[in-house]
Structure formats: structure tokens, C-alpha cells
Amino acid sequence: MGANDLNMTSDPARPRPPARRWSPFNSIKFFVFCHSLLQLAQLLVSGYMKSSISTIERRYGLSSQKSGLLASFNEVGNTVLIVFVSFLGSRVHRPRFIGGGALLACLASLLIALPHFLGGPYDYTDRIRSSRDNSSGLCQSESSLGASPSNQTCSQQEGGTHRGVYPVLLLGQLLLGIGAVPIQPFGISYIDDYASKKNSPLYLGILLAVTTIGPAFGFISGSLMLRIYVDFDKLSKEQMELEHSDLRWVGAWWLGFLLAAGLLFLAALPYLFFPRNMPKETRQQAAADQPAPETSLLHFLKSFPHIALRTLRSPVYLLVVLAQVNLAALLAGLATFMAKFIERQFSQTVSFSTMMIGGVCIPLAVLGTVLGGVLMRRLNISVSGASKLCTGAILLCLFSSTPLLFMGCSTQKVAGVFPHSSSALSCSAACGCPQEAFNPVCGSDGVEFRSPCHAGCIAMETDTNNKTTSYTGCACVSGLGSASPGTCGSGCSNLLVPFVTLLGVTSFIASFSQTPSYIMILRTVSAEDKSLAVGVQYMLFRVLAFMPGPVLYGTIIDTTCIVWGRKCGKNTSCNYYNLDHFRQRFLGLQVVFVCGGLLCFLLTVVVLRRRAGHQELPPPPVGSKVGYELVRASSEETEPHAIKS
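Just so we're clear, the structure is a prediction, and the values are computed from it rather than from any experiment. (Residues numbered from 1 in each chain as written. Predicted model: local features only at pLDDT ≥ 70, side-chain atom pairs only at ≥ 80, totals over all residues. Heavy atoms only, no water.)

Caption draft 1: Spotlight on the overall build of the protein chain. Secondary structure assignment for the protein chain yields 23 helices and seven strands. Sorting the 645 residues of the protein chain into buried and exposed places 49% on the buried side. Within the protein chain, contacts between residues separated by at least 24 positions form 80% of all contacts whose residues are at least 6 apart in sequence. Approximately 30000 Å² of the protein chain is accessible, and the part contributed by carbon and sulfur atoms is 63%. (Helix = DSSP H or I, 4+ residues; strand = E, 2+ residues; numbered from the N terminus. Buried < 20%, exposed > 50% of the residue type's maximum accessible area, 1.4 Å probe, protein only. Contact = heavy atoms within 4.5 Å. Areas by Shrake-Rupley, 256 points an atom, 1.4 Å probe, with all protein chains shown as cover.)

Caption draft 2: Fine view of the state of the cysteines. All told, the structure shown has seven disulfides when counted by the stated rule. Paired by a disulfide, C139 and C431 hold their sulfur atoms 1.8 Å apart. In this structure the cystine formed by C139 and C431 twists about its S-S bond by roughly -80 degrees; its chirality is therefore left-handed. With C139 in the loop between helix 6 (94-118) and helix 7 (150-157) and C431 in the loop between helix 17 (383-401) and strand 1 (441-443), the pair connects residues that are 292 residues apart, well separated along the chain. Note on cysteine connectivity: C433 is disulfide-linked to C453, with sulfurs 2.1 Å apart. (Disulfide = S-S within 2.5 Å.)

Caption draft 3: View of the packing of aromatic side chains. The final tally for this structure, using the stated rule, is 29 aromatic pairs. Ring geometry for F30 versus F33: centroids 6.4 Å apart, planes at 25 degrees, classification stacked. One end of the pair is F30 and the other is F33, both in helix 3 (residues 28-60) and three residues apart, which spans about a single turn. Accessibility expressed as a relative area gives 48% for F33, which makes it partly exposed. Pairing F541 with F546 gives two aromatic rings, centres 6.0 Å apart and planes at 80 degrees, and the pair type is edge-to-face. Counting every residue linked through ring pairs, the aromatic cluster contains F25, F30, F31, F33, Y190, Y194, Y271, F273 and F274. (Phe/Tyr/Trp six-rings, centres within 6.5 Å; stacked < 30°, edge-to-face > 60°.)

Caption draft 4: The nonpolar core, seen in detail. Counting 73 residues, the largest nonpolar core has M338, F499 and F586 as its most contacted members. It is helix 15 (residues 315-345) that contributes the most residues to this core, 17 residues altogether. In this structure, F586 is in contact with G333, L334, F337, M338, F341, Y553, I556, I557 and H581, ignoring residues within four places of it in sequence. One finds Y166, I183, L226 and V230 within the second-largest nonpolar core, a separate group that totals 63 residues. (Core = buried A, V, L, I, M, F, W, Y, C linked by side-chain atoms within 4.5 Å.)

Caption draft 5: Layout of unusual backbone geometry. A cis amide bond, omega -5 degrees, links F418 with the succeeding residue P419. You can see P419 is positioned in the loop between helix 17 and strand 1. Unusually for a residue other than glycine, S347 sits at a positive phi of about 55 degrees. Inspection of the secondary structure puts S347 in the loop between helix 15 and helix 16 (350-379).

Caption draft 6: Seen up close, a nonpolar patch on the surface. Taken together, F265, L266, L269, L272 and F273 make up a surface patch of nonpolar side chains, about 490 Å² in accessible area. Tracing the backbone through its elements, the reader meets F265 in helix 12 (residues 253-268). On the basis of relative accessible area, F265 is assigned to the partly exposed category, the value being 40%. (Patch = residues over 30% accessible without salt bridge, like charges linked within 9 Å, V, L, I, M, F, W, Y side chains within 5 Å. Salt bridge = Lys/Arg side-chain N within 4 Å of Asp/Glu carboxyl O.)

Caption draft 7: Looking closely at helix 9 (residues 165-180). With 16 residues, helix 9 should reach 22 Å at 1.5 Å per residue; the first-to-last C-alpha distance of 23 Å fits that figure. Restricting attention to buried positions, one finds in helix 9 the residues V165, Y166, L169, L170, G172, Q173, L176, G177, G179 and A180. (Expected span 1.5 Å × (residues − 1).)

Caption draft 8: Up close: the pattern of salt bridges. Under the defined criterion, the tally for this structure stands at six salt bridges. With a closest N to O distance of 2.7 Å, R58 and E343 form a salt bridge. With a gap of 285 residues between them, R58 in helix 3 and E343 in helix 15 connect regions that are remote in the sequence. With a shortest N-O distance of 3.0 Å, R542 and E75 are connected by a salt bridge. Linking R542 in helix 20 (residues 530-546) with E75 in helix 5 (residues 74-88), this pair joins segments that are 467 residues apart in sequence. The class of R542 is buried, set by a relative accessible area of 13%. Here E75 falls in the buried class, since its relative accessible area comes to 13%.

Below, the structure written as C-alpha cells:
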């Protein structure tokens, strides 16, 4: 009978039992492939939001402070739930939790794009008023203007749907942060549990690489989407009047969220089929590994504050984390608003500015992170050496970032706006120009005006496509008396290449400190506290850097606004900034954070030196020079352990 069974199982006519035993969902390599795609999609959403935040700000009339809060709001849900994720660990079906989080992030992306479909077409200032009011934007006598129906128009524009846009966007960001909570922690722990010890670093390295390039793809895709007009699905080509260079241009910000939602949905599906427990890559590892002791949620919540406080009592750990918090706050603010800074300071389009961040700065930062890790491995740098490496990198970063403060120009001359003037332009006083008008034109004399009406223009010329090419008969323009559509620009476009080059070099140098600082944290705490120490580190990142950073930068930017946009009697986004103040305060805050990080790393070097000076070596065995060298080497390896009070 046993022989018959053996014959039946080896019979080529019955291949089904072996086929059923093999499945790609039992392969950790396939899990790594799926998780790489999911992390790429999830981080693409995060990078895309930052790339399109200034466009959303312009579309819905938000201040930079509000847009900064919107950019950081996904960290709220993430911070609240990350502690529970560190407790759950292997107690739950991790692949299904990851898939559920991805599906929630998919719904959040759709929710963020929803306001575009619920609202009407984008109405920039020249289109707020109807044909009965000064729709042409030209100078007309007040007597020739009919009664203004702006109240009716405002009631249509500021309906319930438009007022509810900001809460919907905040809710979408909140759900996006909650959905991202289980993706990385559960994915990394699942891979580490079932991969071989030999392959685990390779798999985690792949995930780290995807983690770094995901935001870059988000910025690049944002650059591509923002070249498309926001209402291309609602208007015909003839109705799209704005050009990319127009300060009122709004790109198709919502399109990227739909694309990301589709990618997240597809990437989430495989996780519904992965098992809770997967066969390990090597049997020896399966026999050697012991399950971690189970603890209750109540015990975990009670022990967490004690472990966190014990970890924070380590001076080296605390100083390194504070240094990283400074650099993280710097990164959070620059990633959110640097594209806007380049757009305004160097008179570039939104899509081009976004491409500079995603195509230059982020790749150089990734390269610096990788080379920092290679340097640590090749030179076998100790914790003391890592602290010096971080200090040197941040010191060089300070030297490379300081010149950025002086690379820029003042705001172009705008009649009645800059230099500041409280009196109205007498040459256009009789034109009845609406206070809300914003359609910049550049006079032939090099002076910019807020609109053709403010320039006193009485006629315009168009091309064969009915696009305005110039305005004529402009009473406020000296010389030829003509003006061209669009801003005159700051005149700093020649400084763009040096600025972006120096910014990229600064990103490259600063990222050198990332890997050494992580190694310092892992070697500073005791082995049993490592997991929670990393959790505390990321929680401090979110509470002290990722959440307040963009809001702080946005608030600083708002203080440099000299003319706010107006729509229906309310302030919207800023029309004109004092570019000198913008540059000095925005980049000055960057220098402050760099100095904060440098101070913390310098104090770390001092603490490690004092610890090494007070540490006594145990006496070696008599007559054993080798024993002395071993003890000395051991003391160098254990020097960063936490001091417990």
C-alpha cells in the first residue's frame, strides 16, 4: 500500500499536489517586490501633495499657513496610531493590515481629489465679475459701467461646496496618514521574520531605496500634471485663456491623486492573498528563532512611558534625536515650499520649480545618504567617529547654505504696490478699477501693473487664436504707452542655475549625516530597548518636526506678503511678496535649523569624549598584550551604551 502511495505521488499524470504546494504568495521575494511597489505608490502620494500644495493654495485661496497645516496634517493620524502598531507586531495578520491601510490610502487620495469634481470651473480674478462689469479688464469710465452683480456672483462662488473644500482636504490628509501607519513597520518586520539572515539586509536595502526615490517620483509626476490646465475636463481648448507663465495659472493638481489612487488599489490587492505566517527561507533559521514573549496591551501601555523616559535619559540618544529633529523640520519646510520660493524668486513656472526639487535636490540627497552608509561600512567608523562625521557634514552644510541668503533680487517695481505707496494712481483713477483685479501686465517702461485697468490701458490686440498679445493706449505707461500680458519678473533668472546647484550640494552634504546618526541611535540604547527607541525617535520626528515644520514655514512666508488677493471681500492667497524678506526669512529659518543640528552634534562629540575619558579599562591578563588589545577594542565598541541613572 505504501508503495502504491509512492507511485501515485510520483506519477506524472497527477501533478496537482506539488503544484498546489507552490505559490508566489509563499515567497518572501515576491512579498518584497509587492511591498516595494506599494511603498513607491504611497510615498508618491506624499511627494505629490507637497509638489502641488502651492497650486492648491492658489486654486482655493489659502494662506501659506493653511497650506502648511494641510501638508503636515497626515502626520496627525500617523502619530496617534504608531505606538499601537509597535505593540501589535506579529499578533495580527500583517499582510491584511498592510492591504487595508493601502486601500484606506486609496480612498483618501480619491477624497483629496473630490473638491475638483464638486466645484465649478476655476474662476481667477478677471472672471469673477460678469459681462455687465469690467470683464475686459481695460480702463473704462465709471459711468459706462453698469451695476455690479458681484454679490450674486459671490453667492454662487462661495456656496457650501466651496466653503467645505478645506475640511475635505484635511480629512483626506488625515486618512492618508492613518492608512500609511501599518505599511512600513509591518512590512519591514514581516520581511525580517521570514527572510534569511543573509538576504534580509538586501531586502531592507531595496525598501530603503524605494523609500527615498518615492517622493522624487511624486515631485516629477507633479511637475508633469501641473503643466495641464486644471479644468481641461470642463472647458474647451478655446476657453483656456491662461498661459503657464501667468501668475494665475493653476495646473491639474487633482489628476495625480487619481493616478496615485489607482496605483495604491492595484498594489493593495496582493496583500489579501499573503499568509499570516510564511515559510522561512532557511530551515536552520526557523529552528533557531524563538517567538517573542506575549504581553498584554495594558502592560505595554504602562511600560511604554518608562522605557521612553529611560531611553531619553541617554545624553547621546537625546542629542542625536534633537539634531535629527532640527534637520527633519528643515526638510519638511523646504520640501513643502521650496518650489514656491523658486517660482517667485526666479520667475519660473510651478511645473519647472517642482521639477528642480524632484529631479535635482532629492536624487542628490539620496546619493548622499547611500555614500554616508558606504563610508561608515568601508572605514568601520565607531560611534565617536560617526558623531564627528555628522558634525563635519552639518558644518559644511552651514557654509554651503549661508550664501543662498544673498542669491536673489528685490521685488520688481509694481505701480502702487512696491515700493509701497498709499496713494492711488492718478492716471487710472477714473477707470473704476476693481480692488480685486489681478491680471499683471508689464509696461514697455519696465514697470508692472496689477491689471490693464490699473495701467490705464484702453485697447488690446489679439492674435488669430483670440489670445491677447498686448495692451495699448496705457495712460500710466511712459514712452510707447503699451503693456504685455504677464509679470515683468524679478530679473533673477540668471541666478537660478547657481542657486539650484548650491541647493543640491547642500542637500547632498546634509544627507551624509543620516546613516551615521541612525547608527549612533541604534548603538546608544540597550538591545531590549532598540525597537521602542526607534519608535520614540519617529514619534518625536512627527511631533516636533513634520507637523509644526510646514506650518512654521508657511507662517513665516505669510509675513512677507505685501498684497493679498481678494475675492468676494475676503483675503485669498498672496499676490505679491517682498522677495527680499521672503528670501531672508525663509532661508534664514533654514540656517537656524542647521545651526541647531550642528550644536546638538557638537555636544554629542563632547559627551562622548568625556565618557571615553572617565571610562576605565579593566586590567588585562598578566603578560598578555593580546588581552589588553581585546579589552581596549571592546571598550571602544561599548562606549555609546546608555547611561542609566
